[in-house]
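# Fold and contact review
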Amino acid sequence: MPDWQFTDNYSNNDPGRIWIGWNPVEVSVSTLYASDQVIFVQIVTSRGFQFAVGFGYVDGSLTPNNYLDFWNCTQDSFLFDLAYSGCFYTWTNGHTDERKILSKLDRAIVNMEWVTRFSDSKVVFLEDGISDHSPMVVSIFEDRVHGPPPFIFYNFMIEEPDFLEMIRTIWKEPWKRERFRSIPAQVEHAKSVLYTIQQHIQQHPLYVESAQQENVAIKHYAKVTRYEEYVAKQKSRVKWIDLGDSNAIFFHNCMKERHSRNNILTLMSRENVFHQEDKEIAEECIDFYSSLFDDSDSYFVDDSELLDFLNFDNLLSDERRCNLIRPVIRDEVVVALSTIGSNKAPGPDDFSSWFFKTCWSILGDDFTADVQNFFKHSKLLKERNVFFYPSDNVRRII
């Protein structure tokens, strides 16, 4: 790296500990602050992106109180770990006997602004080699193009007065297709309409029709903003906070952090082939789980002597054994569905439990029949699945 430039913290600490090197063709770096344990720099890329980075090295022993202080600091500053892969343990004390210690000390921590600007970014922790720390490589996938977003049934949709009627007549008459598309855009449009009416009232205060229009616009704006909050909460998976307190920004931030954490940008295959394209990653995942659940090579060993050797202290009574294999009744299906949280992650068809609870008067018989059929035959037939779940039709209409 003959043309690279470097900076360090030797002026603050004789042993140094921190070196920073960069290619001036790609980035320009200016030091903002330096001490014996951290260097903050300002980075400007050749494409005009600008951000600050801190490189830290903790020197000395750590106590549980240190970890607590660090945790509180990250929470107060709205910082969190960048999505990572590779080695989990990033430091070792070098011992080869029972005194060996492994720990995850090295981290790449980012704020919400980073996730918003570089949503497709991650860090990979490599093998430590001759060092006691694992090198980390932060990658930004700027030109990554994902497929279309999956369909998700949002629970607020049931608040529409004609929702149940739509379910009943889904094969006959298309529902209003644009009603639930682009909720944020609807919020901005509703706000713009409301402001326009209110500006007209300021100029013509005696117009009764304008006051009536304002009342309707306020109700519509309140409704779509509530819908926006519903969407953000359902996507964020936050359970401990209630709706109705204008928490949309909080939910959106949680959603961005969750997307960053769960986004699979790279994957190492079982053959040690590195994949970073969505199609290749999807094919590898499908192949892996297809092989994992393939029972073509499995077999059952009927060895009575082995079974006699097994000794269990507690066994089910005959009554309880019979209870396990008796037919499932409708009341059990109803109770099981009612215990599923309405905001829980939806099933493979992308419909939440709240959808089935709300539409129970329409879908209850078919839902129960499908569950009973599954327990009777240990299989959910595809033709039954297509018959019962109106997934394609609801997706197409909503």
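Residues numbered from 1 in each chain as written. Predicted model: local features only at pLDDT ≥ 70, side-chain atom pairs only at ≥ 80, totals over all residues. Heavy atoms only, no water.

### Focus: the overall build of the protein
Counting its secondary structure elements, the protein contains 14 helices and 14 strands. Put simply, the protein has 398 residues, and 29% of those count as buried. Long-range pairs, those at least 24 residues apart, make up 48% of the contacts in the protein with a sequence separation of at least 6. Accessible area for the protein stands at about 27,800 Å²; split by element, carbon and sulfur atoms hold 56% of it. (Helix = DSSP H or I, 4+ residues; strand = E, 2+ residues; numbered from the N terminus. Buried < 20%, exposed > 50% of the residue type's maximum accessible area, 1.4 Å probe, protein only. Contact = heavy atoms within 4.5 Å. Areas by Shrake-Rupley, 256 points an atom, 1.4 Å probe, with all protein chains shown as cover.)

### Considering the nonpolar core
Counting residues in hydrophobic clusters, the biggest one holds 18 residues, and the most contacted among them are Ile20, Leu82, Val110 and Trp114. The set of elements that each furnish at least two residues to this core consists of strand 2 (19-22), strand 4 (38-45), helix 2 (112-117) and strand 11 (121-125). Counting residues in hydrophobic clusters, the runner-up holds 14 residues, among them Ile158, Met166, Val328 and Trp360. (Core = buried A, V, L, I, M, F, W, Y, C linked by side-chain atoms within 4.5 Å.)

### Focus on unusual backbone geometry
Most peptide bonds take the trans form, and the phi angle of most residues other than glycine is negative. The phi torsion at Phe78 lies on the positive side, around 55°, for a residue other than glycine. Position of Phe78 relative to the elements: it lies in the loop between helix 1 (64-76) and strand 6 (79-81). Taking relative accessible area as the criterion, Phe78 reaches 64% and is therefore assigned exposed. Phi angles above zero are rare outside glycine, and Asn272 is one such case at about 60°. Residue class for Asn272 comes out exposed when judged on its relative accessible area of 64%.

### Here's the deal with the sheet that holds strand 7 (residues 84-86)
Spatially, 7-11-12 is the arrangement adopted by the three strands of the open sheet, whose pairing is mixed. Of all the strands in the sheet, the pair left with one neighbour each is strand 7 and strand 12 (136-140). Sheet twist, expressed as the average angle between the axes of neighbouring strands with direction ignored, equals 25°. Two strands pair when backbone bridges link them, and strand 7 and strand 11 are joined in this way by three bridges, in the parallel orientation. In the strand pairing of strand 11, Ser85 is matched with Val124. (Pairing = 2+ DSSP bridges. Axes fitted to C-alpha atoms, helices over the stretch in contact; angles between N-to-C directions.)

### Points about the sheet that holds strand 5 (residues 50-56)
Strand order in the open sheet formed by three strands is 3-4-5, and the pairing between neighbours is antiparallel. In the strand order of this sheet, the two ends are held by strand 3 (27-34) and strand 5, each with one partner. Mean inter-strand twist for the sheet, computed between neighbouring axes without regard to direction, equals 25°. Note that strand 4 and strand 5 share seven bridges and pair antiparallel. Considered in strand 5, the bridge of Val44 is made with Gln50.

### A closer look at the confidence of the model for the protein
Considering every residue of the protein, the mean pLDDT works out to 77; 74% of them sit at 70 or more. Here helix 13 (residues 382-388) stands out as the least confident element of the protein, with mean pLDDT 43; strand 3 is the most confident, with 92. In this model, residues 238-245 is a region of pLDDT below 50 whose contacts with residues beyond four sequence positions or in other chains number 19 contacts. A low-confidence stretch, residues 393-398 stays under pLDDT 50, and its non-local contacts, those more than four residues away or across chains, total 25 contacts. (pLDDT = per-residue confidence, 0-100.)

### Examining a nonpolar patch on the surface
On the surface, Tyr84, Phe88, Tyr89 and Leu102 cluster together into a nonpolar patch covering about 410 Å² of accessible area. By the element assignment, Tyr89 lies in the loop between strand 7 and strand 8 (91-92). Judged by its relative accessible area of 47%, Tyr89 falls in the partly exposed class. (Patch = residues over 30% accessible without salt bridge, like charges linked within 9 Å, V, L, I, M, F, W, Y side chains within 5 Å. Salt bridge = Lys/Arg side-chain N within 4 Å of Asp/Glu carboxyl O.)

### A few points about the pattern of salt bridges
Scanning the model with the defined rule gives seven salt bridges in all. For Glu284, the salt bridge identified is with Arg270, shortest N-O distance 3.6 Å. With Glu284 in helix 7 (residues 278-292) and Arg270 in the loop between strand 13 (267-268) and strand 14 (274-275), the pair connects residues that are 14 residues apart, well separated along the chain. Accessibility expressed as a relative area gives 11% for Glu284, which makes it buried. Between Arg321 and Asp318 there is a salt bridge, with the nearest N and O atoms lying 1.9 Å from each other. One end of the pair is Arg321 and the other is Asp318, both in helix 9 (residues 318-325) and three residues apart, which spans about a single turn.

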